[in-house]
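Now for the letters of each chain:
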Amino acid sequence: MCTPCCVSQLACCCGSAACSCCCNCCPKIKQSTGTRIMYAFYFLLVTIVCCIMMSPTVEEQLRARIPFYSELCERMNAGENCKTLVGYAAVYKVCFGMACFFLFFAFFTIRVNNSTGCRAAVHNGFWLLKFIVLVACCAGAFFIPGQETFLEVWRYIGAAGGFFFLLIQLMMLVEFAHRWNTNWSSGVKYNRLWYAALAFVTLMLFSGAVAALVFMGVFYTDPEACLLNKIFLGINGSLCFIVSLLAISPCIQKLQPTSGLLQPGVISVYVMYLTFSAFSSKPKEMVERNGVNTTVCVFPLNAGTESDKKIVTIFGTVILFGCILYSCLTSTTRRSSAALRVCRNSEPEAERARCCFCFGDDTDDYDEENTGGGQNVVYDEREATIYSYSYFHSVFFLGSLYVMMTVTNWFHYDNHKIEKLLDGSWSVFWIKMVSCWVCLFLYMWTLFAPMVCPRRFEA
């Protein structure tokens, strides 16, 4: 059993065979899913490297634990204590290599319609060779001449790409909310328990949004300071209330019978999260009370120990990169790509209510292959691709730029550290606050679009 499994893994790394686990207890996996997981793994691996490069803690540990660390850095021509391998400049170069890797595959896989061609074979296999190419791209970026000019130009390119990726992420959130409601609403006619599930989840979402609103009203406002917090908290809370009323208004219900409170519930929770994140990212404000400068409008744990602050930072970082990977993987399906054009699918799908509605339906009949005693692979793209290969790599290209700008704190990159990813910065504050309004605008557009462009939504 071990020999066939090793052969299959070798074929996956150096050939066009699909990747799978050696354990035959694992459920079968689709070729399209396995491929996207592998690219996401590459993406996450480079992201972790970028975080390490921005961490002075890791640099200090390497200096303390590696013998002759300074001499080794000098022999590698990496500067004193490997200064060229850490900091924002190193992150820019590594992300440049990753972006070039995905941009090349975006052009290489244009108009690939099934998995039987040679270009599709390269996309779905040869993982060891592609990993070597990815490492070579990231390492080669350190030898680009004219470093100062390169970093200055690449910074603005990264900002533009990061903003565009953020827009895609917000559009996917709106599409996710609509899809969730449509999928679960389709089960109401067969089982009334789906109606109870819809009502329960909607109640939980709005309860969470209201709780977040009250929490920020208590801890992030002050009678003598934090005027912006008061204004934006009132604006965002009011906008969430308005879109909730619009979603169940008679004029919207007439054109979109499936429109309900679940979608605005999802949007409201996300807007409250972005608002909380924006308030946390804003530079701290000080108020003089009883002759002592007091910090106001801060998260309660910030006043506690250093370990509490690290817990908040780690939790926020995990949520951040989880959202990035979700956007990269889900925004590349055919259905999600159609959602970016804000139109009804030309072929109406027969919805089947499922708890895990984000994943494809497993009822389709595809060719299945046993990989020598290991995990079975379902080749689901021999007739047609499940997702656009070129668009998939384009989203990862933009995601690379977004990671680069996020890890280096956008335009406040000097002396930035990964441990201070959630610390105060006006640029991060405004990016997140504008994201709230863009998300609400996109959702409102999906409500009014059938009225403005009725032909695009005709069944």
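Residues numbered from 1 in each chain as written. Predicted model: local features only at pLDDT ≥ 70, side-chain atom pairs only at ≥ 80, totals over all residues. Heavy atoms only, no water.

- Named according to an unreviewed UniProt entry, the protein chain is Serine incorporator 5 originating from Perca flavescens.
- You can read under Sequence similarities (unreviewed entry) in the UniProt record for the protein chain the words "Belongs to the TDE1 family."
- In UniProt, the protein chain has this text filed under Subcellular location (unreviewed entry): "Cell membrane". (UniProt positions renumbered as here; feature names shortened; annotations may be inferred.)

**Some words on the pairing of strand E3 (residues 292-296)**
Inference 1: Two strands pair when backbone bridges link them, and strand E2 (residues 285-289) and E3 are joined in this way by five bridges, in the antiparallel orientation. When the sheet's bridge partners are listed, Met286 is paired in E3 with Thr295.
Inference 2: Connecting E2 to the next strand, E3, in antiparallel fashion are two residues, including Asn290 with a positive phi near 55°. (Pairing = 2+ DSSP bridges. Helix = DSSP H or I, 4+ residues; strand = E, 2+ residues; numbered from the N terminus.)

**Overview of empty space enclosed by the protein**
Inference 1: The full count for this structure, using the stated rule, is two cavities of 30 Å³ or more.
Inference 2: In this structure, the largest cavity spans a volume of roughly 90 Å³.
Inference 3: Forming the boundary of the largest cavity are 13 residues, of which Phe279, Lys282, Lys284, Cys297 and Val298 lie nearest the centre.
Inference 4: In terms of residue class, the lining of the largest cavity is made up of seven nonpolar, three polar and three charged. (1 Å grid on protein atoms, 1.4 Å probe; cavity = no way out; pocket = protein on both sides within 12 Å on 5 of 7 lines; lining within 4 Å. Points joined across faces, edges and corners; volume = space filled by probe spheres on them. Nonpolar A, V, L, I, M, F, W, Y, C, P; charged D, E, K, R; others polar.)

**Considerations on helix H15 (residues 389-407)**
Inference 1: Compared with the 27 Å implied by 1.5 Å per residue over 19 residues, the 27 Å span of H15 between its first and last C-alpha is a close match.
Inference 2: Most of H15 is tucked away, with 17 of its 19 residues classed as buried.
Inference 3: Following H15 by one or two positions, Asn409 has its phi on the positive side, about 65°. (Expected span 1.5 Å × (residues − 1). Buried < 20%, exposed > 50% of the residue type's maximum accessible area, 1.4 Å probe, protein only.)

**Thoughts on the nonpolar core**
Inference 1: Membership of the largest hydrophobic core comes to 89 residues, with the highest contact counts inside it found for Phe102, Trp180 and Ile267.
Inference 2: Sorting elements by how many residues they give to this core places helix H8 (residues 147-186) first, with 16 residues.
Inference 3: What Phe102 contacts, discounting residues up to four positions off in sequence, is Tyr39, Phe43, His393, Phe396, Phe397 and Ser400.
Inference 4: Among the nonpolar cores identified, the runner-up in size contains five residues, and Ala225, Cys226, Val287 and Cys297 belong to it. (Core = buried A, V, L, I, M, F, W, Y, C linked by side-chain atoms within 4.5 Å. Contact = heavy atoms within 4.5 Å.)

**A short note on a nonpolar patch on the surface**
Inference 1: On the surface, a nonpolar cluster with roughly 580 Å² of combined accessible area is contributed by Phe41, Leu45, Leu128, Leu129, Phe131, Ile132 and Val135.
Inference 2: Going through the elements one at a time, helix H2 (31-53) and helix H7 (127-140) are the ones with two or more residues in the nonpolar patch.
Inference 3: Of the residues forming the nonpolar patch, the biggest block, five residues, is contributed by H7.
Inference 4: Relative to the helices and strands, Leu129 is located in helix H7.
Inference 5: Classification of Leu129 as partly exposed rests on a relative accessible area of 44%. (Patch = residues over 30% accessible without salt bridge, like charges linked within 9 Å, V, L, I, M, F, W, Y side chains within 5 Å. Areas by Shrake-Rupley, 256 points an atom, 1.4 Å probe, with all protein chains shown as cover. Salt bridge = Lys/Arg side-chain N within 4 Å of Asp/Glu carboxyl O.)

**Quick word on unusual backbone geometry**
Inference 1: For Arg111, which is not glycine, the phi dihedral falls at a positive 60°.
Inference 2: Judged by its relative accessible area of 73%, Arg111 is exposed.

**Description of the environment of Val46**
Inference 1: Mapped onto the elements, Val46 comes out in helix H2.
Inference 2: The residues contacting Val46, other than those within four sequence positions of it, are Val94, Met98 and Leu134.

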